[in-house]
Amino acid sequence: MTSETLHDRALAILARLVAFDTTSRLSNLTLIEWVEAYLASHGVESRRVANADLTKANLMARIGPAAEGGVILSGHTDVVPVDGQPWTSDPFTLTERDGKLFGRGSADMKGFIALALAAVPDLAAAPLQRPAWLALSYDEEIGCLGAPAMIEAFGAVSPRPALAIVGEPTGMEVVGAHKGILSVRVQVLGREAHSSQTHLGVSANMAALSLMADLTALAGRLIAEADPASPFLPAHATLTIGVIQGGTAINILARECVFGFDLRCPPSLDPHALLAPFFERCRAMDAELAARAPGAGVTFEILGDVPALALEPGGPAEALARRLAGDNGPLRAVPYAAEAGQFQQGGFPVVLCGPGWIDQAHQPDEFIEIAQMRRGAAFMTRLVEALQSPVA
């Protein structure tokens, strides 16, 4: 088959995938069931790796022989919400305008999944010497929660796959590094009282502000200590407080204040070490507030902990992805987090490479250019050809 045929097939599949509302707060099982049926129609068996309550699932599938040198094509099935965004077309109906395909998840990252699925008939028909593996995950958008169990399952496969390509939207350019992310929720409980009688209560807001001042100081220090040779933009680790909720009235000492922040670090920095003094401060303040008022205190919860992806110059994943993408440019780094760091942590050489651009992700009227889908189709066609040769 030609890449143009694969491209046409991918557009039809993308329309089906976009039609599934797989916002992270919902189940992804209707999409998974559709993919299972599609794979079965081409003689491909698949395996679910479900979450604890069986409401969501990862999906693994091998196309080709149980041989060395397998290539994992990985993508997440969940998308971010469309609530409150001013879309000019139905976000769950793929809509073509001016050479662009609009729809939630079209760029991030159902376009890549559609291309991988569109390659399945060609892979199944070809005399492959090495297998292609499909890896579809859930809950990437809320902390890369689904992939670890699937990556662990890949680690037990024999023969073990050789490398992974995570199809985040990179414009079909090879990306070799990304930052990690540590997301934290902090709850401060105080004791309500009239604002004129501060000696009778504890303001959760005032205590929380003290903790947030520590984080603000850390954010400034990270900027000042940035590595000038860093390939990331921005070069420094970033710490931002994204959510603050506290208090009921101006003249009442706040009973509760909750805030959430994330710390995004390049591979050279350990986020847990950076935050260790802050967490110790939370513990000390917890004891201090409890001594002032029964029930007052501070608790914190790590909501997401995704490792960074470190550069592997000249590694097998980079070499293959460059050849398939026709990319002779520099090895790039991106500031967002992805599942690639988890694959690397699991022992797999890995890069990011997929159609579309991250600038379109999470936006109203998210789109992927048809030209990008054509480049992705050429990538997949070359992959089918490459897997017909044994490991070099």
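Below or above, wherever it landed, is the structure these notes cover. Every value quoted in this text rests on a predicted model; they were computed, and no experiment measured them.

### A closer look at empty space enclosed by the protein
Counting across every chain of the model gives two cavities of 30 Å³ or more. Taken as a whole, the largest cavity holds about 50 Å³ of empty space. Lining the largest cavity are G176, A310, E312, G315, P316, A317, E318, L331, P349, V350 and V351. When contributions to the lining of the largest cavity are tallied by element, the ones reaching two or more residues are α8 (316-325) and β14 (350-352). Residue contributions to the lining of the largest cavity peak at three residues, all from α8. Considering only residue class, the lining of the largest cavity consists of seven nonpolar, two polar and two charged.

### A closer look at the layout of surface pockets
The computed volume of the largest pocket comes to approximately 750 Å³. Forming the walls of the largest pocket are 32 residues, and the residues nearest its centre are E141, I181, S183, D262 and R264. Mapped by element, the contributors of at least two residues to the lining of the largest pocket are β9 (180-189), β10 (238-246), β11 (256-265) and β12 (297-306). Roughly 290 Å³ of volume is contained in the second largest pocket. As for the second largest pocket, its lining consists of 21 residues, of which V306, P307, A308, Q342 and Q345 are closest to the centre. Mapped by element, the contributors of at least two residues to the lining of the second largest pocket are α5 (147-155), β9, β11, β12 and α9 (340-345). When residues of the lining of the second largest pocket are assigned to their parent elements, the largest contribution, four residues, is made by α5.

### Quick notes on helix α10 (residues 370-386)
Over its 17 residues, α10 runs 24 Å from end to end, which matches the ideal 24 Å to within 8%, given 1.5 Å per residue. The buried fraction of α10 is high, at 12 of 17 residues. Considered for burial, the residues of α10 that qualify are I370, Q372, M373, G376, A377, A378, F379, M380, T381, L383, V384 and A386.

### A short note on the pairing of β11
Where burial is concerned, most of β11 is hidden: eight out of the 10 residues are buried. Note that β9 and β11 share 10 bridges and pair antiparallel. By the bridge assignment, R185 is partnered in β11 with G260. Here β10 runs beside β11; their pairing, made up of eight bridges, is antiparallel. Its bridge partner lying in β11, T240 is registered against D262.

Here is what the cut-offs are and how they apply
- Residues numbered from 1 in each chain as written.
- Predicted model: local features only at pLDDT ≥ 70, side-chain atom pairs only at ≥ 80, totals over all residues.
- Heavy atoms only, no water.
- 1 Å grid on protein atoms, 1.4 Å probe; cavity = no way out; pocket = protein on both sides within 12 Å on 5 of 7 lines; lining within 4 Å.
- Points joined across faces, edges and corners; volume = space filled by probe spheres on them.
- Helix = DSSP H or I, 4+ residues; strand = E, 2+ residues; numbered from the N terminus.
- Nonpolar A, V, L, I, M, F, W, Y, C, P; charged D, E, K, R; others polar.
- Expected span 1.5 Å × (residues − 1).
- Buried < 20%, exposed > 50% of the residue type's maximum accessible area, 1.4 Å probe, protein only.
- Pairing = 2+ DSSP bridges.

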